[in-house]
Amino acid sequence: MQTQPLIRMLILGPPGSGKTHSLRTILSAGMKAFGIFTEPGSLAVLSDVLPKMHYAYVASASEEWGSIIASAKLLGSLDISAVLKTDGHRNQHNQFMQILQLCNDFVDQHGKHWGPISNLGPDVVFFVDSLTGINKMVQGLLAGDLPSMTMPQFGAAQNLISKFVDKITATSTSHFVLTAHVLYDKDEITGGYKYLVSTIGRRLAPVLPYFFTDFVLAQRQGATFTWQTYVAQADLRVAYLPLQKAVPQDFSYLADVWRKQRLATEQQEQTITKELQ
C-alpha cells in the first residue's frame, strides 16, 4: 500500500527570523509537538506554549574559566599540531550521546518515557531546535574543548550529523522539523552570496537539504514573519508549501496539504483495491 510521504522540514534563517517562534504553530495545526531544544533562548521564546508540548532540553558543554585559560596557555606555548593531539577533556562532552539516547527513548520534561521517536506516529511533529547546538555537541564529542579539529575529525563529525538526520527522516513515523542558522558563503566568481546551512564543514552544508521535503528560509520584516520558498541565493525546495517568496510562518499550511494528499492517496488505494476484486 502506498503511504503519503511525511513532512520533513528544514527551516534556515538568521537569529530573530522566527525559526523557533514558528514551532508554536505545530499546535494550532492540530498536531502534537515533541522536540529537543539545544539553546536556552528557545525556552523563553515558546514559554507560553511549552506546557502544551513534550520536550527535552540538552545544553552543549560550557567550559569553565580554568579550562579556557588552560587551552589558551597550550595555544600560546605549543604548535597547533601538538595542541590538536591532546585529549581536550572529551569525556566531559557527552551531550550528543544524550541526544541519541533521547531519540532511542524520548523522555519529556515530566519524566515520561515515550519510547523511540521513530514510533511517535503521524499525528506528531518531532522537532530539533537547533542544528547549531548539534554541531557544537558533535565537535565536543570528537575534539572536546580543543579550539579546532583535525581533518579526520571533520570527516567523522560530518558523517555523524548526516547519519543523525538521515535516521530521523528515513525511519520516523512522525513529521520532522529541524531549525538551522544560515551561513553566508561568498561566491568568488560572481561576488554574491549563497545561503547555506551552518554546520560542520562546507561539504555537508549543501547535502543536508536533500533529506527534507521542504527547505525554506525564515525572514522577518518588522513584526511580519515569513518563510521564503524561492530566493536566488539558496537552493530551496518545497513539496507541501507553495513556491513563492513569502508564506506566513504557519505549520497549518503544510499540515492541511499533507492531510488532503493523504486522503486522496487512501481513496485512490481503495479504488484500485475494488477494481482488483
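Starting from 1, residues in each chain are numbered consecutively following that chain's sequence as written. Per-residue local features are limited, in this predicted model, to residues with pLDDT of at least 70; the limit for side-chain atom pairs, both in listing and counting, is 80 or more; totals at the level of whole chains, interfaces and linings are taken over all residues. Heavy atoms from the whole structure form the basis of all side-chain values; hydrogens and water molecules are not counted.

### Notes on empty space enclosed by the protein
Here is step 1 of the chain: Put plainly, a pocket is an open set of points on a 1 Å grid over the protein atoms alone with protein on both sides within 12 Å along at least five of seven lines, a cavity is a set where a 1.4 Å probe fits but cannot get out, and a lining residue has an atom within 4 Å of a point. Grid points are joined across faces, edges and corners, and a volume is the space filled by probe spheres set on the points. With the rule as written, the count across this model stands at one cavity of 30 Å³ or more.
Here is step 2 of the chain: Taken as a whole, the largest cavity spans an internal volume of roughly 40 Å³.
Here is step 3 of the chain: In terms of lining residues, the largest cavity is bounded by Met9, Ile11, Ser22, Leu23, Thr25, Ile26, Val177, Trp227 and Phe251.

### Here's the deal with the sheet that holds strand 5 (residues 175-180)
Backbone hydrogen bonds hold the strands of a sheet together, and the pairing may be parallel or antiparallel.
Here is step 1 of the chain: For two strands to be treated as a pair, DSSP must find no fewer than two bridges joining them. Secondary structure elements are taken from DSSP: a helix is a run of H or I of four residues or more, a strand is a run of E of two residues or more, and numbering for both begins at the N terminus. Read from one edge to the other, the open sheet built from eight strands follows the order 3-2-4-5-1-8-9-10, with strand pairing classed as mixed. Strands at the two margins of the open sheet, each flanked by one partner only, are strand 3 (54-57) and strand 10 (247-248).
Here is step 2 of the chain: By the bridge criterion, six bridges tie strand 2 (residues 32-37) to strand 4 (residues 124-129) in an arrangement that is parallel. Bridge pairing in strand 4 places Ala33 opposite Val125.

### Some points on helix 8 (residues 252-276)
Each turn of an α-helix holds 3.6 residues, which means side chains three or four residues apart point in the same direction.
Here is step 1 of the chain: Given the number of residues in a helix, its expected span is that number minus one, multiplied by 1.5 Å. Along its 25 residues, helix 8 runs 36 Å from first to last C-alpha, staying within 8% of the 36 Å computed at 1.5 Å per residue.
Here is step 2 of the chain: Where helix 8 is buried, its residues contact strand 1 (8-12), helix 1 (25-28), strand 5, strand 8 (214-221) and strand 9 (224-228). Here, residues are in contact when the closest pair of their heavy atoms is within 4.5 Å.

### Details of the side chain of Gln95
Here is step 1 of the chain: Its location among the elements puts Gln95 in helix 5 (residues 95-104).
Here is step 2 of the chain: Setting aside residues up to four positions removed in sequence, Gln95 forms contacts with Val58, Ala59, Ser60, Ala61 and Met137.

### Quick word on the packing of aromatic side chains
Here is step 1 of the chain: In this scheme Phe, Tyr and Trp rings, the latter by its six-membered ring, pair at centre separations within 6.5 Å, and the angle between planes marks the pair as stacked below 30 degrees, edge-to-face above 60, and tilted otherwise. Here the structure, examined in full by the defined rule, presents nine aromatic pairs.
Here is step 2 of the chain: Judged by centre distance (5.4 Å) and plane angle (85°), the rings of Tyr184 and Tyr195 are edge-to-face. Here Tyr184 is found in strand 6 (residues 182-186), whereas its partner Tyr195 is found in strand 7 (residues 193-197), with 11 residues between them in sequence.
Here is step 3 of the chain: Only protein chains enter the accessibility calculation, which uses a 1.4 Å probe. A residue is then buried if its area is under 20% of the maximum for its type, exposed if over 50%, and partly exposed in between. Residue Tyr184 is classed as partly exposed on the basis of its relative accessible area, which comes to 45%.
Here is step 4 of the chain: Judged by its relative accessible area of 18%, Tyr195 falls in the buried class.
Here is step 5 of the chain: Two conditions define a charge located above a ring, namely a distance within 6 Å from the ring centre to NZ of Lys or CZ of Arg, and an angle within 35 degrees of the ring normal. In this arrangement the basic side chain of Lys112 is found over the ring face of Trp114, its NZ or CZ atom lying 4.1 Å from the centre.

### Quick look at helix 7 (residues 151-171)
Here is step 1 of the chain: Taking 1.5 Å per residue as the helical rise, helix 7 with its 21 residues ought to reach 30 Å, and the 30 Å between its terminal C-alpha atoms agrees with that figure.
Here is step 2 of the chain: Within helix 7, the full set of buried residues consists of Gln153, Ala157, Gln158, Ile161, Ser162, Phe164, Val165, Ile168 and Thr169. One face of helix 7 carries all of its buried residues, which in axial projection span an arc of 165°. Of the exposed residues in helix 7, the ones pointing more than 90 degrees away from its buried face are Met151, Pro152, Lys163, Lys167 and Ala170.
Here is step 3 of the chain: Buried residues along helix 7 sit against strand 1, helix 5, strand 4, helix 6 (131-143) and strand 5. An arc is given here, and it is the one of the directions from the helix axis to the C-beta atoms.

### Digging into the pattern of salt bridges
Here is step 1 of the chain: Take a side-chain nitrogen of Lys or Arg and a carboxyl oxygen of Asp or Glu: if they are within 4 Å of each other, that pair is a salt bridge. Enumeration over the complete set of coordinates arrives at five salt bridges.
Here is step 2 of the chain: The partner of Asp123 in a salt bridge is Lys32, with the nearest N and O atoms 3.4 Å apart. Here Asp123, found in the loop between helix 5 and strand 4, pairs with Lys32, found in strand 2; they are 91 residues apart in sequence, far enough to count as distant.
Here is step 3 of the chain: The class of Asp123 is partly exposed, set by a relative accessible area of 38%.
Here is step 4 of the chain: What makes Lys32 partly exposed here is its relative accessible area of 46%.

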